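Listed here are the chains, written in short residue letters.
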Amino acid sequence: MQPTFRLRSLPVTLRLALACALLTLVGGSAASGLFLYMHYEKRDESPGLTITDIEGHYHGVRTLSPLVTSLSDGHPEGLDARKRQLLLDWLASDNPGATYDDLDLGDDAPAEILAQDCLSCHSRSSTGPDAAPKIPLEFWDDVRVLSISRDIQPVDRKILAASTHTHALSLAMLAIVVGGLSVMTSWPRMLINLIALATCAGLLLDIASWWLAGEHVLFARVIVVAGAVFNAGLVLQCVLVLADLCMPAPKRAS
């Protein structure tokens, strides 16, 4: 059955008040996304938000640096075994930058080894079938990015519990309120029902996966998808309500 009450039946002043509140909510949703981006993007010590940041926050991530991986896999093939071990020992040290070009090490300094055995392929001007100019090793800034091994510890369970307490209560109530407003619009019931279901299911999966991701890293990807579905559904409902508020009031039956 179609409800008899419509948001369009409200006085203009109340419709304007609801519109202001909904526009604030949409702006807050955008600000929330920006905050999450800034909060998570440096978890893997690299710029930009990636799935590794999310996995590290909820599950923990331990990865070897690209240089360690390449050297351990036997790249480059012609590198002397002694030099290879020197580079691996250097990369395993607490502060590789301090001894990168240490003059006291002479030809055993990492900078010298890389210059002698790697720059023929890993310089910005290198050419040839084995050249990799997009992975330069000419300067410490180039090498530093490729020398970082990451051990990202997951968020503390006490902090996760506090965050769940806050977000579960507030976001669930928000979903109920916005969903209730959308029911009082003139849009097709099936459309409104499906959007409300997707929004609430996305919220449930998102918050549940915060905890499940601690046991299995796959749920970190569920967090991304479910969170996107929840936010998209919430914003879409706000847009539909705003559009309905802009429509003329229904004519009263004589």
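For clarity, every value in this text was computed on a predicted model and none was experimentally measured.

1. Focus: the overall build of the chain
Turning to step 1, where the next piece is worked out: Of the regular secondary structure elements, the chain holds 9 helices and 2 strands.
Turning to step 2, where the next piece is worked out: Start at the N end of the chain and walk to the C end: the helices and strands fall as α-α-β-α-α-α-α-β-α-α-α.
Turning to step 3, where the next piece is worked out: The C-alpha atoms of the chain give a radius of gyration of 28 Å, which is well past the 18 Å a tight globule of 254 residues would have.
Turning to step 4, where the next piece is worked out: A principal-axis box enclosing the C-alpha atoms of the chain has dimensions of 95 × 40 × 30 Å.
Turning to step 5, where the next piece is worked out: Within the chain, the fraction of its 254 residues that count as buried is 35%.
Turning to step 6, where the next piece is worked out: The contacts in the chain between residues at least 6 apart in sequence include a share of 62% that link residues at least 24 apart.

2. Considering the nonpolar core
Turning to step 1, where the next piece is worked out: With 25 residues, the main nonpolar core has L7, L22, Y58, W210, V241 and L245 as its most contacted residues.
Turning to step 2, where the next piece is worked out: Among the elements of the structure, α1 (12-40), α2 (51-58), α7 (157-183), α8 (189-212) and α9 (218-245) are those that each provide at least two residues to this core.
Turning to step 3, where the next piece is worked out: By residue number, the principal contributor to this core is α9, which donates 8 residues.
Turning to step 4, where the next piece is worked out: Aside from chain neighbours lying at most four places away, what touches Y58 is Y40, P154, L160, W210, A213, G214 and I223.
Turning to step 5, where the next piece is worked out: Counting residues in hydrophobic clusters, the runner-up holds 16 residues, among them L71, L91, L114 and L137.

3. Some remarks on the confidence of the model for the chain
Turning to step 1, where the next piece is worked out: On average, residues of the chain score 89 in pLDDT, and 95% of them are at 70 or above.
Turning to step 2, where the next piece is worked out: By mean pLDDT, the top-scoring element of the chain is α8 (96), and the lowest-scoring one is strand β2 (residues 150-152) (78).

4. Looking at the packing of aromatic side chains
Turning to step 1, where the next piece is worked out: Following the criterion strictly, the structure yields 4 aromatic pairs and no others.
Turning to step 2, where the next piece is worked out: Ring pairing ties together the aromatic residues W90, Y100 and W140, which thus form one cluster.

5. Section: the packing of α7 against α9
Turning to step 1, where the next piece is worked out: Taken N-terminus to C-terminus, the directions of α7 and α9 make an angle of 35°; their axes are 9 Å apart at the nearest point. For the crossing formed where α7 meets α9, the hand is left-handed. On α9, the residues that touch L171, L174, A175, V178, G179, L181 and S182 of α7 are F230, L234, Q237, C238 and V241.
Turning to step 2, where the next piece is worked out: When its residues are assigned to classes, the contact of α7 with α9 shows 9 nonpolar, 3 polar and no charged.

6. Digging into the side chain of T199
Turning to step 1, where the next piece is worked out: Checked against the element boundaries, T199 lands in helix α8.
Turning to step 2, where the next piece is worked out: In this structure the side chain of T199 is engaged in a polar contact, spanning 2.7 Å, whose partner is the backbone oxygen of I195.
Turning to step 3, where the next piece is worked out: When residues no more than four places from it in sequence are discounted, the contact partners of T199 are F230, G233, L234 and Q237.

7. Quick look at the side chain of S126
Turning to step 1, where the next piece is worked out: Among the secondary structure elements, S126 is positioned in the loop between α5 (110-117) and α6 (140-146).
Turning to step 2, where the next piece is worked out: Engagement of the side chain of S126 in a polar contact is seen with the backbone oxygen of C121, the distance being 2.8 Å.
Turning to step 3, where the next piece is worked out: Side-chain polar atoms of S126 contact the backbone oxygen of S123, separated by 2.8 Å.

8. What about the pattern of salt bridges?
Turning to step 1, where the next piece is worked out: All told, the structure shown has 6 salt bridges when counted by the stated rule.
Turning to step 2, where the next piece is worked out: Residue R8 is joined to D244 by a salt bridge in which the shortest nitrogen-to-oxygen separation is 3.9 Å. One end of the pair, R8, is in the segment before α1; the other, D244, is in helix α9, and 236 residues separate them in sequence.
Turning to step 3, where the next piece is worked out: For R8, a relative accessible area of 15% puts it in the buried group.
Turning to step 4, where the next piece is worked out: For the salt bridge of R124 with E138, the shortest nitrogen-to-oxygen distance reads 2.8 Å. Note that R124 is positioned in the loop between α5 and α6 and E138 in the loop between α5 and α6, a separation of 14 residues in sequence.
Turning to step 5, where the next piece is worked out: Taking relative accessible area as the criterion, R124 reaches 46% and is therefore assigned partly exposed.
Turning to step 6, where the next piece is worked out: Beyond isolated ion pairs, a larger network of salt bridges with shared partners links R124, E138 and D142.

Thresholds, definitions, all that
- Residues numbered from 1 in each chain as written.
- Predicted model: local features only at pLDDT ≥ 70, side-chain atom pairs only at ≥ 80, totals over all residues.
- Heavy atoms only, no water.
- Helix = DSSP H or I, 4+ residues; strand = E, 2+ residues; numbered from the N terminus.
- Rg over C-alpha atoms; globule rule 2.2 N^0.38 Å.
- Buried < 20%, exposed > 50% of the residue type's maximum accessible area, 1.4 Å probe, protein only.
- Contact = heavy atoms within 4.5 Å.
- Core = buried A, V, L, I, M, F, W, Y, C linked by side-chain atoms within 4.5 Å.
- pLDDT = per-residue confidence, 0-100.
- Phe/Tyr/Trp six-rings, centres within 6.5 Å; stacked < 30°, edge-to-face > 60°.
- Axes fitted to C-alpha atoms, helices over the stretch in contact; angles between N-to-C directions.
- Left-handed = near helix turned anticlockwise from the far one by under 90°.
- Nonpolar A, V, L, I, M, F, W, Y, C, P; charged D, E, K, R; others polar.
- Polar contact = N/O pair within 3.5 Å; in protein donor to acceptor, adjacent residues only side chain to side chain.
- Salt bridge = Lys/Arg side-chain N within 4 Å of Asp/Glu carboxyl O.

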